[in-house]
Amino acid sequence: MKDVFEFFAHEDDLPDLDVRGAAERLGEAIRCRTVNPADHSLADHGEFDRLHAHIRASYPHIMAAGTFEVLGCRALLITLPGSEPALRPCLFMSHQDVVPVVEGTEQDWTYPAFSGTIADGYIWGRGALDIKQQVFGCLEAAEYLLAHGRTFARTVYLAFGDDEETLNLGAKAIAETLRDRGVTLEFVLDEGGGKIESGAPYGAPEAALCAVELLEKGYADLELSAQSAGGHSSRPFGGTSLGRLSQAIARIVEAPFPVRLSPVMAGAFKALAPYVTEEPLRTLVRDVDANADAIARYCYGQRTLFPYVTTTIAPTVIRGGSEACNVMPQNMTAVVNFRIDQGGTVQEVFEHARAAVGDLDVSMRFLQANDPSHAARSDGYGYERLTRSMGRYFPGVVFVPSMTPGATDARQYEIVCDTCLRCSPFIGGAEEVERAVHGTNERIAVRAYAQGIRVLAHLMEHTAVRP
Ligand SMILES: [Zn+2]
């Protein structure tokens, strides 16, 4: 792969963009420690309030033109009203919260994790990539346009949840507020993609890819419980809870879900087809629909592509084993995590697991579960405008309609939008992004930050100012 900056073009757009000032404002945002644990009562809400004050103070044109609302706990909705009520609004989103720094790794950071240091061409700190750069990048883009006398015909919402990493209640509160106000959206743009990667796993080694994620896989944590009386391990008549639980886990893992090419992934291979040069895919993608099963089976055998063609099964937690080698365990639980493919449901996962476990005396319940999101439209206005703006600033990159095995806030907006796109314009190299998101030395190149702002300004200009 070429260096990521070799894909950048039109860096002379917005010639008077105050890049240094923008970087400093992002650094200040990183200094707000907006960690929001699953138990929200443990969050320091003052850090979110500090972030809000920073936004109010830093973007005077947005504050003058728009309304600023705090919804739910600390979610933020900024409305920049358009002059044409017939045009459906668009919504630019991401999230204010960040994951904590793993205890014991604080010293491994080149610059402290919440310092927001600008050095060596980068802005450093937790949230630089996930995803305060998109919160502040949206604000910078809108502020730039307003400061240059642009007026919006289409209403623009800037929407920033406060708990994407845990419960998604903030995004839910915003989406429900919009629904209650009778709003439907033309498109939503959220985080996702955010990196340029080699097409090699798809048999297209010469191609550089960027995903536009249309769909989030479903998610389920299935808890398994087994009981036994315990006692001396010399008399294990009937077996132990640990033995039974292990058997149940093994049976679930050995009963894989169907392997198939979902409509979203069929679309991905159709978009990639002109670039695929390696067999067996080169032949198969000539007719994706006719060869869907063969393509899916091929993907299933590849580390990178495997999660895209099936519901995955990952046993993750086991609790309650005996502390002593000669004492039998009593109550034990385990958790198996599933990521549900397009077309699957939570209900189906439960039935599948129950059938696999069969007659074993093991009980089951979901700790947390949600179906896959809907698939966003990739044939309409939002997708076309997004890929046009991205293509201007990253020419030569192939934009691929795809899906994410992870989960984010965007699906909350499906109640008001059929085009929820997950594609961050703040682009890094694939390896660096994968290492640093939720990891040590999270950072974003100042150049990548400025380029993302240009993409967003271009997209707002060509959707809201000049629809
Ligand atoms: Zn995120």
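Computed from a prediction, not measured in an experiment: that's the story for all the values here. (Residues numbered from 1 in each chain as written. Predicted model: local features only at pLDDT ≥ 70, side-chain atom pairs only at ≥ 80, totals over all residues. Heavy atoms only, no water.)

Right, let's get into the coordination of the zinc ion. Protein coordination at the zinc ion comes from His-95 (NE2), Asp-130 (OD), Glu-191 (OE) and Glu-191 (OE), with a distance range of 2.0 to 2.4 Å. Classification of the site at the zinc ion as irregular follows from its 4 donor atoms and the range of 54 to 145° in their angles at the metal. All donors of the zinc ion belong to a single chain; written as a sequence motif, their spacing is H-x34-D-x60-E. Linking His-95 in strand 3 (residues 90-95) with Glu-191 in strand 7 (residues 187-199), this pair joins segments that are 96 residues apart in sequence. Residue classification places His-95 among the buried residues on the basis of a relative accessible area of 0%. (Donors = N, O, S within 2.8 Å, 3.2 Å for Na, K, Ca; no water. Tetrahedral: all angles 85-135°; square planar, octahedral: opposite > 155°, others 65-115°. Helix = DSSP H or I, 4+ residues; strand = E, 2+ residues; numbered from the N terminus. Buried < 20%, exposed > 50% of the residue type's maximum accessible area, 1.4 Å probe, protein only.)

Position of Ser-83 relative to the elements: it lies in the loop between strand 2 (75-80) and strand 3. In sequence terms Ser-83 and Ala-248 are 165 residues apart; their C-alpha atoms lie 60 Å from each other. Other than its neighbours up to four places away in sequence, Ser-83 contacts Phe-152 and Ala-153. (Contact = heavy atoms within 4.5 Å.)

Moving on, we get to the sheet that holds strand 13 (residues 332-340). Taken together, 4 strands build an open sheet; the order of strands is 11-13-9-14 and the sheet is antiparallel. With one partner strand each, in any of the chains shown, strand 11 (312-319) and strand 14 (363-370) form the two edges of the open sheet. Neighbouring strand axes in the sheet, compared pairwise and without regard to direction, differ in orientation by 20° on average. Across 9 bridges, the pairing between strand 9 (residues 218-226) and strand 13 is antiparallel. Considered in strand 13, the bridge of Leu-222 is made with Val-336. Lying on the sheet, helix 10 (residues 346-357) is in contact with strand 9, strand 13 and strand 14; it crosses strand 14 at an angle near 155°. (Pairing = 2+ DSSP bridges. Axes fitted to C-alpha atoms, helices over the stretch in contact; angles between N-to-C directions.)

Attention now moves to the domain arrangement of the protein. You can read the domains of the protein as domain 1 (4-195 + 378-395 + 402-465) and domain 2 (218-370). Domain 1 and domain 2 are separated by 33 Å when their C-alpha centres are compared. Counting from both sides, the interface comprises 5 residues of domain 1 and, opposite them, 8 residues of domain 2. Between domain 1 and domain 2, roughly 610 Å² of surface is buried when both sides are summed, and carbon and sulfur atoms account for 64% of that area. For the domain 1 face of the interface with domain 2, the top three residues by lost area are Ser-402, Met-403 and Pro-405, together amounting to 77%. Counting across the domain 1 and domain 2 interface gives 0 salt bridges. (Domains from an automatic or database assignment. Buried area = accessible area lost by both parts, 1.4 Å probe. Salt bridge = Lys/Arg side-chain N within 4 Å of Asp/Glu carboxyl O.)

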